[in-house]
Amino acid sequence: MITAENLHKRYGSKNAVDGISFQLQPGKVTGFLGPNGSGKSTTMRMAVGLDRPTSGSITIDGKQFSQHKAPMRTVGAVLDAGATHPGRTGKSHLKVLAATHGISASRVQHVIELTGLGEVAGKRIKGYSLGMNQRLGIAAALLGDPAVLMFDEPVNGLDPEGVRWVRSLARQMAAEGRTVFVSSHLMSEMSQTADHLIVLGRGRIIADAPIQELLNSGEQRVLVRTEQTSDLANALTARDVSISHIDAETLQVTGLDPRSIGRRALEAQVVLHELTPQLTTLEDEYMKLTGDHVEYRSGGAFEEAAQ
Amino acid sequence: MNTTHINTATATPRTFTIDSTLSGVSFLAAARSEFAKLKALRTSWWLSIITVALGVFIAGAVAFSFQQFAADDSAMAGDALQIAIQGQAGSYFAMILLGSLGVIAITTEYSTGAIRSSLTAVPQRFLLLSAKGLALVIWTAAVTAVMVLLSHGLTSIIAEPLSLGDIFDAEIAGMYAASWVSVVLTSLLGFGLGLLLRSSAGGIVILAVIMFVLQMVLSILYGVTGNAAWVEVLMQAEYMNLVDNAVNPNAGEFSMVPALEAWQAYVGLLIWVAVPMTLGALRFSHRDA
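Throughout, residues of each chain are indexed from 1 in the direction in which the sequence is written. To label them, take the chains in the order written and letter them from A, then take the ligands in the order written and number them from 1. The model is predicted, so local features are restricted to residues of pLDDT at least 70 and side-chain atom pairs to those at 80 or more, both for listing and for counting; the totals for chains, interfaces and linings are taken over all residues.

Chain B is annotated in an unreviewed UniProt entry as ABC transporter permease of Nesterenkonia salmonea.

The name that an unreviewed UniProt entry assigns to chain A is ATP-binding cassette domain-containing protein, with the source organism given as Nesterenkonia salmonea. Word for word, the UniProt comment on chain A under Sequence similarities (unreviewed entry) is "Belongs to the ABC transporter superfamily." UniProt positions are given in the numbering used here, feature names are shortened, and annotations may be inferred rather than shown by experiment.

Here's what the structure looks like:
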């Protein structure tokens, strides 16, 4: 179990992590979602002792990572795909790490096969692609058969097969009762992998809830198509109902369910051509949650820039 | 047909437990891992091969010169100890080469980012540092021993009156041991500089300055200040002077400043090594990786 209590990290005048507290449960994949610079990687680095918290604490099973007798058997972390010496081979990198905990050569070979690195394990890491480096990082994390897995942006650079493999690996590890903590800025990735989400923005937690709860918390929107948009708009007008015109024949209604809209349309003798509930996507919810917490915002679209 | 959907996310999760019989991290295991890192790097092998080759070549060249001079002029023939000392001239190159290996042993961890993997496996920073230091000492000690023995062998074959069996002579063996210790300490000095500066270029340049430039600067200063006593103290405490005092039983014979006792020289060398090591270790243990 990973527990953060009032965790702060300050770099000069910048608060990278601003007093966050959370608790991750075993048996679940917890997604750590947030825009660039929101403090996800810094939090993970503090969890494994690479960075020191300015104040507060983050512990694994009640102890700081460095206090564990067998760190690699406690936490397997993939924090940086490039955290290897390019002059070593993939296999020698794994053997060097395995030697610290007396992990057997057969286990090294097992994780090499598991991560699909069999053909390149004997080659120098400097020739590896980003995807191969990611796989090597995952192999290193799995070496100690740890109780906690921590992946920082694990699908970066992976091909579609690799992405699916990481996704199923995370699910499988959680099903085995391990604590799985995965950071990403890809909402689609999280929606397919995580059970629980912690959303971070500018170093603060802006949501900490099961993924389904986040999806359910969104407003219900209904797309309605009719030739009598003004009649329908008049019929639907009420407090807590908002109506927006998408085009001449399409309205988007928020605050009423499709059944009520259909009934009122009938009462107003408005012919409907379409009545579609709009499902809130995680992306919608994420954008809504992090809208005010994005540190690095892109400029306008190319078209706007060109004008 | 009714189907029941089980949401694994909300099902009561089981907890994975670590097999407590499996071994954890230990100092020896960490040292073995660090030694494997050195072994896996081409740079380690290249620097070590060059060290041995250069040391043996210099020993052969020096022995050959001695032999030639002795044949031309019997007054030039030295005693066995003198020839053995000259035959170890390659150890000065060994100091800079293996000192550089000491720098690189830690700085490449930072320049490649591998320090993050190392610290994730061994998060106890002093343990990691000590293991790294021990692996470096074992490596450089082995390489230097090979260089010293081969140099002695070649010198004794070429130049008389040094013979192979003289390696058991107390004075010659002591000189070889001192030379061996100096090279190993210099590699640790490089390690300390690398740890402190986290820069390969910076560490190697400072090491070269300590070994080759400081002596010249102090000599000039000694002359400029009219042999000032404080400069004399600095010259005595200067790194290569301490090495000379530790290795050469005849140190001070041709020196501008009085020689120190061998034990004083060793204390001085240990201080030179301890200062960057301590400062580097403090930086290593307190800073983010």
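Here we come to helix 1 (residues 27-40) of chain B. Helical segments are the DSSP runs of H or I of at least four residues, strand segments are the runs of E of at least two, and each set is numbered from the N terminus. Expected span of a helix, by definition, is 1.5 Å for each gap between consecutive residues, and there is one gap fewer than residues. Taking 1.5 Å of rise per residue, 14 residues should cover 20 Å, and helix 1 of chain B covers 20 Å from first to last C-alpha, within 8% of that figure. Every C-beta atom is placed from the backbone, and the number of other C-beta atoms within 10 Å of a residue's own sets its class: buried at 20 or more, exposed at 12 or fewer, partly exposed in between. Three or more residues of helix 1 of chain B are buried, namely Ala29, Ala30, Ala31, Ser33, Glu34, Lys37 and Leu38 of chain B.

All names here are of chain B. Confidence scores per residue from the predictor, reported as pLDDT, run from 0 to 100. Predicted confidence across chain B gives a mean pLDDT of 89, with 93% of residues reaching 70 or more. With C-beta atoms placed from the backbone, a contact is any residue pair whose C-beta atoms sit within 7 Å. Across residues 1-11, confidence stays below pLDDT 50; counting only partners more than four residues off in sequence or on other chains, it has five contacts. On the interface metric, ipTM, the complex scores 0.83, and its pTM is 0.82.

What follows covers the confidence of the model for chain A. All names here are of chain A. Here chain A shows a mean pLDDT of 88. Residues at 70 or above account for 91%. The lowest-confidence element of chain A is helix 12 (residues 302-306), averaging 46 in pLDDT; the highest-confidence one is strand 4 (residues 55-60), averaging 96. In this model, residues 301-307 is a region of pLDDT below 50 whose contacts with residues beyond four sequence positions or in other chains number two contacts.

Attention now moves to the UniProt feature "transmembrane region" (unreviewed entry) in chain B. Residue and element names in this part refer to chain B. Sites flagged by UniProt as "transmembrane region" (unreviewed entry) map to residues 45-69, 89-112, 133-154, 174-197, 204-225 and 263-282. The straight-line gap between the two end C-alpha atoms of residues 133-154 is 31 Å; of that span, 100% is helix and 0% is strand. Regarding residues 263-282, the helix share stands at 100% and the strand share at 0%, and the terminal C-alpha atoms are separated by 28 Å.

Right, let's talk about the domain arrangement of chain A for a bit. Domain parsing of chain A yields domain 1 (2-210) and domain 2 (221-279). Segmentation into domains, and thus their bounds, comes from an automatic or database assignment. For domain 1 of chain A and domain 2 of chain A, the distance between their C-alpha centres works out to 47 Å.

Moving on to the interface of chain B and chain A. Counting from both sides, the interface comprises 34 residues of chain B and, opposite them, 43 residues of chain A. At the level of elements, helix 1, helix 4 (90-112) and helix 5 (114-121) of chain B are the ones that each hand at least two residues to the side of chain B that touches chain A. Residue contributions to the side of chain B that touches chain A peak at seven residues, all from helix 1 of chain B. Residues were grouped as follows: Ala, Val, Leu, Ile, Met, Phe, Trp, Tyr, Cys and Pro as nonpolar; Asp, Glu, Lys and Arg as charged; and all remaining residues, including Gly, as polar. Grouping the amino acids of the side of chain B that touches chain A by side-chain chemistry returns 17 nonpolar, eleven polar and six charged.

Below, the discussion takes up the sheet that holds strand 5 (residues 75-78) of chain A. Residue and element names in this part refer to chain A. Between any two strands, pairing holds if DSSP finds at least two bridges. The sheet built from six strands is open, its strands ordered 5-6-7-3-8-9 with mixed pairing. Strands with a single pairing partner mark the edges of an open sheet, and in this sheet they are strand 5 and strand 9 (204-210). On average, each strand axis in the sheet is inclined to that of its neighbour by 15 degrees, with strand direction left out of account. Inspection of the sheet shows strand 8 (residues 196-201) paired to strand 9 by six bridges, in the antiparallel sense. Its bridge partner being in strand 9, Gly201 is matched across the sheet by Arg204. Those strands touched by helix 5 (residues 130-142) are strand 5 and strand 6 (148-152), and its axis lies near 170 degrees from that of strand 5. A fitted line through C-alpha atoms represents every axis, and for helices the fit uses only the stretch in contact; the resulting angles, taken between N-to-C directions, go from 0 to 180 degrees.

Residue and element names in this part refer to chain B. Packing of helix 7 (residues 170-197) against helix 10 (residues 239-247) brings their axes to within 8 Å, and their N-to-C directions diverge by 155 degrees. Taken together, the axes of helix 7 and helix 10 lie roughly antiparallel to each other. The residues of helix 10 that touch helix 7, namely those facing Met175, Ala178, Ser179 and Ser182, are Val243, Ala246 and Val247. By definition in this entry, angles of less than 35 degrees are roughly parallel, angles greater than 145 are roughly antiparallel, angles of 65 to 115 are roughly perpendicular, and the rest are oblique.

This part covers the environment of Ala94 of chain B. Residue and element names in this part refer to chain B. Relative to the helices and strands, Ala94 is located in helix 4. For Ala94, a count of 31 C-beta atoms within 10 Å translates into the label buried. Separated by 47 residues in the primary sequence, Ala94 and Leu47 place their C-alpha atoms 8.9 Å from one another. Setting aside residues no more than four positions away along its own chain, Ala94 makes contact with Thr51, Gly55, Thr144, Met147 and Val183.

Residue and element names in this part refer to chain A. Note that strand 1 (residues 2-11) and strand 2 (residues 14-24) share eight bridges and pair antiparallel. From the neighbouring strand, Leu7 faces strand 2, where its bridge partner is Ile20. Two successive antiparallel strands, strand 1 and strand 2, enclose a turn made up of two residues, where Gly12 displays a positive phi of approximately 60 degrees.

Attention now goes to the sheet that holds strand 10 (residues 221-226) of chain A. Residue and element names in this part refer to chain A. On the basis of which strands lie adjacent, the open sheet formed by four strands has the order 11-12-10-13 and antiparallel pairing. Because the sheet does not close on itself, it has two edges, and the strands there are strand 11 (242-247) and strand 13 (272-278). Each adjacent strand pair in this sheet contributes to an overall mean axis angle of 20 degrees, direction not counted. Direction of pairing for strand 10 relative to strand 13: antiparallel, over a ladder of six bridges. Among the inter-strand pairings, Thr226 is bridged to a residue of strand 13, identified as Leu272. In the packing of helix 9 (residues 229-236) onto the sheet, contacts are made with strand 10, strand 11 and strand 12 (250-254), and the angle to strand 12 comes to roughly 10 degrees. The sheet contacts of helix 10 (residues 258-267) involve strand 10, strand 12 and strand 13, and relative to strand 13 the element is tilted by about 160 degrees.

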